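# Notes for the structure review
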Amino acid sequence: MFIDTHCHLDGQEFDADRDDVVQRARAAGCDRIFLPAIDLSSCKTVLDTCQHYPDYCYPMLGLHPEEVHADWSQQLESIWQVISHQLPTSGLLAIGEVGLDYYWSREFEHEQLQAFEQQVRWSVETRLPLMIHCRKAQNELVAILRQYADKLPGGVFHCFTGNVQEARQLLDFPQFVLGIGGVLTFKKSHLPETLAEAVPLDRIVLETDAPYMAPVPQRGQRNEPAFITHVVNRLAEAYGVNPEEVCRQTNQNVSRVFDC
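Let me begin by describing the structure that accompanies this report. (Residues numbered from 1 in each chain as written. Predicted model: local features only at pLDDT ≥ 70, side-chain atom pairs only at ≥ 80, totals over all residues. Heavy atoms only, no water.)

Pairing in this open sheet of eight strands is parallel, and the strands run β1-β2-β3-β4-β5-β6-β7-β8 from one edge to the other. Sheet topology places β1 (2-4) and β8 (204-206) at the edges, where each strand pairs with a single neighbour. Within the sheet, the average angular offset between the axes of one strand and its neighbour, ignoring direction, is 30 degrees. With three bridges connecting them, strand β6 (residues 155-157) and strand β7 (residues 176-180) associate as parallel partners. By the bridge assignment for β7, Val 156 is matched with Val 177. Docked against the sheet, helix α8 (residues 228-239) engages β1, β7 and β8, running at close to 155 degrees with respect to β8. (Pairing = 2+ DSSP bridges. Helix = DSSP H or I, 4+ residues; strand = E, 2+ residues; numbered from the N terminus. Axes fitted to C-alpha atoms, helices over the stretch in contact; angles between N-to-C directions. Contact = heavy atoms within 4.5 Å.)

Before going further, it helps to spend a moment on the nonpolar core. Judged by nonpolar contacts, the single largest core of 72 residues is most densely connected at Leu 145 and Leu 195. Per-element accounting of this core gives the leading share, six residues, to α8. Ile 3, Met 131, Val 205 and Phe 258 belong to the second-largest nonpolar core, a separate cluster that totals 12 residues. (Core = buried A, V, L, I, M, F, W, Y, C linked by side-chain atoms within 4.5 Å. Buried < 20%, exposed > 50% of the residue type's maximum accessible area, 1.4 Å probe, protein only.)

The next subject is the pattern of salt bridges. Enumeration according to the criterion identifies 14 salt bridges in this entry. Notably, a salt bridge pairs Arg 121 with Glu 117, separated by 3.5 Å at the nearest N-O pair. You can see Arg 121 and its partner Glu 117 sitting in helix α4 (residues 109-126), four residues apart, about one turn around the helix. For Arg 121, a relative accessible area of 37% gives the class partly exposed. With a relative accessible area of 17%, Glu 117 lands in the buried category. Notably, a salt bridge pairs Arg 222 with Glu 224, separated by 3.4 Å at the nearest N-O pair. Residue classification places Glu 224 among the buried positions, given a relative accessible area of 5%. Within this structure, Asp 17, Arg 24, Arg 222 and Glu 224 form a network of salt bridges that share partners. (Salt bridge = Lys/Arg side-chain N within 4 Å of Asp/Glu carboxyl O.)

Dropping the structure here:
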């Protein structure tokens, strides 16, 4: 059994066959699926999807850096109201998907920094972990996290694809783990060697980021939780253990980070 800690199952890409996707996930051994929101509207679709699959799908709510635009502060306040409403009912796993992304543009760099730091404060206040997205902004992201390092409950650095130095910098935050998905299986990826050299297996969780980044041999298709088995097998090869040990350890890591 394994856990998909990052899947956009609420997305329209799954509207036609969501039940079938969940059935395939269960059949493949997926024990639970965690769903991150990216903006105010997806907070609703995430919550609706999790309500439709109780005790299987679990929500994370936040504002994605690529959704930080001119009206970011108003949207952030609205998302906080949703989070505050959900807290008493429990079931909310994390603040996410949050972070910094300067891959395409730095037009809203200052706004992204402000939005991310505000959501870091939410994590401190609520004791909910963070689901963190970062592209081309690790130094800036780390600088903010260091200000709150002794107060943060922990979280996941989602979709880690970096080098040994970048991995070690992130692992300096002991409450955090790295989210590993389909990129691990790509033929030109150096991630298996990086992980084996610098990242203990007890600092990894599994994820798909579905519908994106499907692993080999499904690369180019729509990703889904059932495909994590390919990531599990590649991790087992990289660490020289059997797939069952990868699932056991990563599930234990999920329980530690998400307190579930």
